[in-house]
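Here's the letter readout for the chains.
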Amino acid sequence: MPRTKIAKNEPPKKKPERPLKGKRLEPRRLPNQARARDTVEAVLRAAGAEIERDGLDRLTTRRIAAMAGISVGSLYEYFPNKQSIVYALVTDWMERTFKVLDDLHPEHEGAQDMLGYLGAQVDGMTLLYRAQPGLSALVTMVSSVPELRDAVRVHDERSAASVATALQYFAPKAEPGEVLTAARTIALIAHEILCEAIARNAPDAVQLIHNLKVCVFAIGTRLLLPR
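Quick caveat: nothing in here was measured; it's all calculated off a predicted structure.

Some remarks on the overall build of the protein chain
Here is step 1: On a plain count of helices and strands, the protein chain comes out with nine helices and zero strands.
Here is step 2: Counted from the first residue to the last, the protein chain has its helices and strands arranged as α-α-α-α-α-α-α-α-α.
Here is step 3: For the protein chain, the residues scored as buried account for 41% of the 227 residues in total.
Here is step 4: For the protein chain, long-range pairs separated by at least 24 residues make up 70% of all intrachain contacts whose partners lie at least 6 apart in sequence.

Set out below in structure tokens:
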């Protein structure tokens, strides 16, 4: 196949820069005291707000610091660059989504029955998605940034295990492999529908979330049917 020639007057198109490529992603230090934790949380909230307002490409440490109400020097005490802030923002969001799921686990004195558990799961995740600034950009990064691949894999495995053991608790006679598949299916459906309803501002968001509950109820209650 012949190669496409580039016109002399047209510069070659640049490949889009990977937002985290080649940068240190670990924080400089972890916050141990309440004031330090508040500062880090303010930085992450500010980064999300800046991404939501002006996009990832215009994000800078100066803008994040100004939005957070701290100096750039204070920001650099915890984060070496904006890439590490973005990484922390994404991993923090994934950790909070796991906590919402795991706190509802019946072994943690969460929901007392299958439908109560699944309904509370959808309600909790809906609130979390709605409260996250810059959700659309975060979702894109989670699915497309290679540097996040390991963190996403660990998050998905932990979440599926938590949901699967909860479903198994309510349906002890169900086959474990089927239960794990049900847990993974619920996670995939919930994420896609919540992204469509909230991150993409679907006009029928309320009905989509209602239908999400119907779907997860059907998947869960199927495990209760006699074999």
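This is not the end of the story, as more comes after the structure.
Points about unusual backbone geometry
Here is step 1: Despite not being glycine, Asn-201 shows a phi value in the positive range, around 55°.
Here is step 2: In this fold, Asn-201 is placed in the loop between α8 (176-199) and α9 (205-222).
Here is step 3: Relative accessible area serves as the criterion here: at 62%, Asn-201 is assigned to the exposed category.

Some details on the nonpolar core
Here is step 1: By size, the foremost hydrophobic cluster in this structure holds 66 residues, and its most contacted members are Ile-64, Phe-79, Ile-85, Trp-93, Tyr-117, Tyr-129 and Leu-167.
Here is step 2: Put simply, the parts of the chain that give this core at least two residues each are α1 (34-54), α2 (61-68), α4 (82-103), α5 (114-131), α6 (135-144), α7 (149-170), α8 and α9.
Here is step 3: No other element matches α8, which puts 11 residues into this core.
Here is step 4: When neighbours within four sequence positions are excluded, Phe-79 is seen to be in contact with Pro-27, Arg-28, Val-40, Val-43, Leu-44, Ser-84, Ile-85 and Ala-88.

Thresholds, definitions, all that
- Residue positions are given per chain, counted from 1 along the sequence in the order it is written.
- Only residues with pLDDT of at least 70 get local features here, since the model is predicted, and only at 80 or more are side-chain atom pairs given and counted; chain-wide, interface and lining totals rely on the full set of residues.
- Each side-chain value is derived from all of the structure's non-hydrogen atoms; neither hydrogens nor water enter the calculation.
- Helix and strand labels come from DSSP, where a helix needs a run of H or I of at least four residues and a strand needs a run of E of at least two; each type is numbered from the N terminus.
- Per-residue accessibility, obtained with a 1.4 Å probe over protein chains only, is compared with the maximum for each type, and a residue is labelled buried under 20%, exposed over 50%, and partly exposed between these values.
- We call two residues in contact whenever any of their non-hydrogen atoms come within 4.5 Å of each other.
- We call a set of buried Ala, Val, Leu, Ile, Met, Phe, Trp, Tyr and Cys residues a nonpolar core when their side-chain atoms join them within 4.5 Å.

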